[in-house]
Structures are given as structure tokens and as C-alpha cells.
Amino acid sequence: MKYANFFILLFSILLFFSLGNYTHISTSLLSVLPQSKNKEIIQKFESLQSGKILMIAVKGLDDSALEKIQRLEEEFEKIDHLQAKIFIPNEALEKHRDRYQFFIQQLNREKLDHLDIKNELAVLYENLTQSFFPNTINRYDPFDLYSQPPRTAAIKLRNNHPIIEEYGYLSYFDISSQDLEQHTKVYNDINHVLAEGDYKNTTLFSPIFYYVENSQAIKSDINKIVLFASIILLTLYFLILRNLRMLLNVMSTLTSSALLAIISITSLYSEVSIFVIIFGISISTISIDYMFHYYFHDLYGETKRFNREVLFGFLTTLGAFLIMSFTDFIMIKQISIFSAISLTIAYLHFAFLYPKIGFSSKKSLAIKLIAMPFKISYKIVFTLSSLVIFASYFWLTFDLNVQNLDYDNRTLKQKEHFFKTALSKEETVTVLIEADSLDQLIIRSKEIKSLTKNAYMPLSGLVDSNSFQENMSVLKKLSQEKKSMIFEADAIGFRKGFFDEAYPENLKLPHYTMTEIEAYGLKVFRMGGAFCTYGSIDKKTAPLLSVIPYVKSLSVKKLFEHTMEESLDQLILLGILVILFILGMLLLVTRKKVIQAVTFLLFPLAVILFYAYFVPLNILHIFMIFVILSISIDYAIYTVKSNDSQTKKAITFSLMSTFAGFGVLVFSQINALFSMGIIATLGIAAIFLLLIFL
């Protein structure tokens, strides 16, 4: 039994590495979102388009700049997953559009109603034979009854190479990498090329750079935080316990509880945010509280008595996390499950295993709370805290942009802004269009395109059943006059058979397949039972789409915000249930002293809500509030039941441990970790003030 902790730790380590579930840990921001249609849309869109292009700009329009970008292009062509983007029309698509132009382009009905075939042919012949400049005739539509679609602005060229006007040469590469490992290899190969040559005044950007750089920044930041926290905790525990045997057992318990929780959560989910792991490891510092109360009351020595207050504190904290685990916000669900597992394992160790091992209490770090010249009645604190909480209704605001939780990569944002500004004169919004069939998808694409001239809807250039039926009746009418047209053309002098292909009526409605559309270079994919495609419209027109049920904005920010709104409402509801559960447990345990105990909940909450006067609360702020309340319940129960020096000592050390585990997160550059750290710090400070003044 003496070495039970170490055997459990060894088993946990072997299980951790043998299962290999650590590969499920992700640094992607998407891993924090619940599995929903919005998340599926974002993932599908990113796999099809976003992150699939590399843009290169070399400053200068002289020969030296041209030589530099051509040299770069040659080097990048050698890199796996990179291919130079060629801006040429899809031959199969152009041929198809020529064949079915009468069903795609707009018909000039006024000209058709006043059509004089003989006169039109005479004008055509005169232009063909007497014009100084070469003149071509559209054999399919010689009378120009169908208007040509507006052409997109041509890419500016210089020395037969794309340029950004008044800046320099431009180049594009398609990227075919699919996961973070492949993205990282492409990123490293690109930087290796840049490091090997003289490529000053060269700017590169690709959305996949965010995946790589943010992942590296997050890992680096987390490694520093974990190292810093570990040093502080080890030093703190050694000074507090002054018992090497006890320290080694405690560290074994905390490590094994964290490892078993990681194994459990990564077995349940194929993708787990790294933030979940960091939070989970930090939450283990809370469980040390159970050990302190047993140890400082000598319940591991000769007394060996079961502590009911610790049990109630544990059950309340556990219940709070179990309630929060019903949220759809996957990161918070995973954190709650992780915490419940980790705290349960640690409690079972500290409450049942440690008394059997037996640890005699030794003289610990001497600590004496500051003797305050006055004490504050809990009734005053209760009243003032309640007033602040009610008043916060008037200043509370929420930050629903989950992207603000990610690493703030300012360098990449500047490069992205440079290319957006240089290449786009008008800001656009990408939209997703859904339909039950390919034909309906084409019809809906045309409907969206009709909203604005600047809409880019690739599928609107195909034939749909509606336009086919409408235009076929016109073609039949024209074909009736075709014999007259051919006769007049022969009489005027046109070559025989010149207009044989004009206005054909023998075409059949094309029945497109996914394979055909892909061959045309157009993007269509299945999502659930629906056919989907995407396009873009100008930002001014975007608000009109909110009332169209089959169109969804593909702005990642908007999709995140929509998901966050849904998660926030649910999280607040679960939070209310947590508070009611905590109050019920407090009433059960503390009975007549319940108001005094509730003060340990209200004061930390009031301090945090006062902080919210200066900053908007994000979803992790809100979740951490409920965590602090769950922690506070332990201290409320302990102080109300027994407020002796040993209890205060145990609480103080527990607060120091929790601050070392959670408080260090305030030094993180990742807003998700900072958000948790700042709320934890404020809550811990508030509880410590109560310990001194109440």
C-alpha cells in the first residue's frame, strides 16, 4: 500500500503512451466549437477554398524584381503541394457555354420583336466586306439577340506577368495540403527557400500560415506557462509540506489524475482542444485542497477520521461540473468532463488511499494571516455584493467572436490586409447556397446573382430547366425563319452553309452530374442530403440574404458568432442550474449559517462583474465564473463548519496552490488562457480578502 500511488502513476503513463490518444489533441480554433451545421460548413469551405492559395508580391516593376519573382516561382514549383496557378478559361466549360449560350445569356426581346432579317444580313455583309478592320460574326447568334455576360476585369500584366499596379510583380500558387502536418511542411519549405536567397521586399501570405504560426505560438506559450506553473507549484508544495515522502505522493496523485482524465477525454472525442488539457491540468491544483484539510487536521496520522465537509465540498464541485457538461459548446463540455474525472480520482486518493498509507503531519511553512484592526460583518459584504451583482445588468456586454480567443497574429493580419487592399477594390462576402438538386442549385445561383451586378456566382453560367423551357420556345420561333435567313444570306453573297449552326433547336436539356461540374472547374459538394456551392456578393447587398433561407453567409466570424449566441444562452441556463444546485447544497450543509456561506459566492462574483465593467465578457470568462463559484463553495462549507487556525491555514495554502495553477495563465499571450487566468485570479483574491476581513 505504501507504493500504491507510484504504481498507479506508472500504470497511467504506460496507458497514456500505449493508447496514443495524445494525437487527438488539437491547436485548431475549430476544435472548441460544438459539432453543428455551422462548424461543418466552415470545415467544408476551408477544405475546398480557404487556405488553398499562396500569394507572393515582389516590390518593384523593374527587371530585377521580375527576375526575383521568376526565380521564386521556379523554386516553389519544386515544393510538394504547391502548384503555380494558371489563369486560363476552362476549355470544357467555355465549349459548353458556347453550345448552350441561348439558354444562359439574356435575350433581347425588343430586338427580337422588331427583327428585320433581310436588313440585318445586309448590314452584316457590308461590315464584313467593307470594314477596314477585321470583323467577326457569331455564327450561333449572328443578330446579337443574346447579350454577352459582363467579363471580369482582366489581370494587369507587365512583361507578360501579373502585377499589382504601382507596387510590383504578383504570383499565385495553389496549395493542396490537407492537414496541419502537411501545412507545416509547406510552410517550412517556403521559408527555407526564402532564407537561402536574397528576397528582400518580398511579401507572402496564405491562410494556411495561420494554422502553422498560431499552432507554434500556442504550443510555445503553453510550454512556458506549464514550466513556470510547475516550478512554482513544486516550490510551494515543498515549502508547505516539508515532507518529501508526502510531496512525492501528492505529485504522483496529481499527475496520474490528470493523465487518466486526458486518456478518458481523448478516448471519448477524436479532437480535443489543447486549451482543455491546460485547463484540466490547472484544475488538478484545486484537488490539492482535499489533501490540505486532511493533512493539517492530522487525519492521515493517528486520528484517521473521515472528513464530511471535504466530501460535501467535493460533491458540490463535482455536481457543478457535471451540470456544465450538458452544454453543446464542445470545449466547455470537454473541460467539465475532464475536471469531473480528474477531481474524482484525486479525491478518492486523498480521502481513502492516503489514510491507509499513513502520513504523519509535520511542521509546515509558517504562515500567519495579517491581523486586521477591524472585521467586516458578512451581512454588509452580502448586501454590497448583491447590489453590485444587480447593478452589473446595466453594464454587462458580451464578446461573441470566438476568434478573439485565438492567438493574435498581428504580422500575418497585416500581410493579409495588404493583399486584400491591393487586389480588391470592393469588399465582398462569400455565401453558401443550398438546394435539393443540381438543377435547383443553378436556379438559386441565378436568383442570387440577380440581386446585384457585382455578384460572382460560378453556377449561374450553366443551364437550368426554367431557362431552358423559356428560351427553347424562342429558338423554335427563330428556326421557323431560318430557311428564309439562309436563302437571303445566299442571295446577298455569304458563303454557303455560313449560318447553318445559327439558333439550333435540336439541343436537349443537359442533366449535369457532379463529375461533369467538377470537370468544368466549378465547386459543388454534398452536405447532408443537400447540394451546395458558394459565390460572393458585395458587402452592401449581404444584409438582403438574411431573409433567404437557402443562403448562408460564409463569413467565419459570422458563423462563429451565431454558434456562440446559441452556446451562450445554453451556458447561462446551465449556470443558473449550477447556482441553484450550489445554494441547495449550502442550505443542506450549513443550514442557519447559509447567508454567511453564500457570501463566499456573492463577493467573488461581485468582484468579477465589476471587472466586466471595463471589458466585455467572452464565453470562457462566463464559464470560469461558474468554476470559481464551484471552488468557493468548498471554502464556504469549511469556514462555516470550522473556522479554526488549521482550517484557515488549509484554505490559504489551497488558494496559493490554485493561484499557482490558474493565476499564471494571466501571463499567457493566448486570450483563451488569459481569460481563464484573470477570472481565477480575481476570484482567488476575493476569497482571500474574505478570509482576512470577514
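Owing to the predicted nature of the structure, the values given are computational and were not obtained by experimental measurement.

(A) Molecular detail of the environment of threonine 344. Structurally, the position occupied by threonine 344 is in helix H13 (residues 330-357). You can call threonine 344 partly exposed: its relative accessible area is 25%. Spatially, the C-alpha atom of threonine 344 lies 9.8 Å from that of alanine 261, the residues being 83 residues apart in sequence. Once you skip the residues sitting within four places of it in the chain, threonine 344 turns out to touch Phe314 and Leu318. Among the polar contacts made by the side chain of threonine 344, one reaches the main-chain carbonyl oxygen of alanine 340 at a distance of 2.6 Å.

(B) Broad picture of the nonpolar core. The biggest cluster of nonpolar side chains holds 121 residues, and the ones touching the most others in it are Phe279, Met291, Phe292, Tyr300, Phe350, Leu586 and Phe623. Beyond its immediate stretch of four places on either side in the chain, leucine 586 contacts Arg591, Val594, Ala597, Val598, Leu601, Ile633, Ala636 and Ile637. The next biggest cluster of nonpolar side chains, apart from the first, holds 53 residues, and it includes Ile117, Leu438, Met457 and Met485.

(C) Quick look at H13. Taking 1.5 Å as the rise per residue, H13 with 28 residues should run 40 Å; its terminal C-alpha atoms sit 39 Å apart, in good agreement. The buried fraction of H13 amounts to 23 of the 28 residues, a majority that puts the element mostly inside the structure. In the segment just after H13, glycine 358 is the residue with positive phi, at about 85°.

(D) Representation of the confidence of the model for the protein. The share of residues in the protein with pLDDT of 70 or more is 87%, and the mean pLDDT across the chain is 80. Looking at the elements of the protein, mean pLDDT is at its lowest for helix H2 (residues 37-48), recorded as 66, and at its highest for strand S9 (residues 202-205), recorded as 91.

(E) Molecular detail of the environment of glycine 280. As for its position among the elements, glycine 280 is in helix H11 (residues 274-296). For the pair glycine 280 and alanine 261, spaced 19 residues apart in the sequence, the C-alpha separation amounts to 8.0 Å.

(F) Structural view of the packing of aromatic side chains. All chains considered together, the criterion is met by 13 aromatic pairs. Where tyrosine 347 meets phenylalanine 352, the ring centres are 6.1 Å apart and the plane angle is 90°; that geometry is what we call edge-to-face. On the basis of relative accessibility, which here comes to 2%, the residue tyrosine 347 falls in the buried class. Measuring from ring centre to ring centre gives 5.5 Å for tyrosine 393 and phenylalanine 394, while their planes differ by 85°; the resulting arrangement is edge-to-face. Residue phenylalanine 394 is classed as exposed on the basis of its relative accessible area of 71%. Through successive ring pairs, a cluster of aromatic residues spans Trp395, Phe610, Tyr613 and Phe614. Here the basic side chain of arginine 526 rests over the ring of phenylalanine 531, its NZ or CZ set 4.0 Å away from the ring centre.

Thresholds applied
Residues numbered from 1 in each chain as written. Predicted model: local features only at pLDDT ≥ 70, side-chain atom pairs only at ≥ 80, totals over all residues. Heavy atoms only, no water. Helix = DSSP H or I, 4+ residues; strand = E, 2+ residues; numbered from the N terminus. Buried < 20%, exposed > 50% of the residue type's maximum accessible area, 1.4 Å probe, protein only. Contact = heavy atoms within 4.5 Å. Polar contact = N/O pair within 3.5 Å; in protein donor to acceptor, adjacent residues only side chain to side chain. Core = buried A, V, L, I, M, F, W, Y, C linked by side-chain atoms within 4.5 Å. Expected span 1.5 Å × (residues − 1). pLDDT = per-residue confidence, 0-100. Phe/Tyr/Trp six-rings, centres within 6.5 Å; stacked < 30°, edge-to-face > 60°. Lys NZ or Arg CZ within 6 Å of the ring centre and 35° of its normal.

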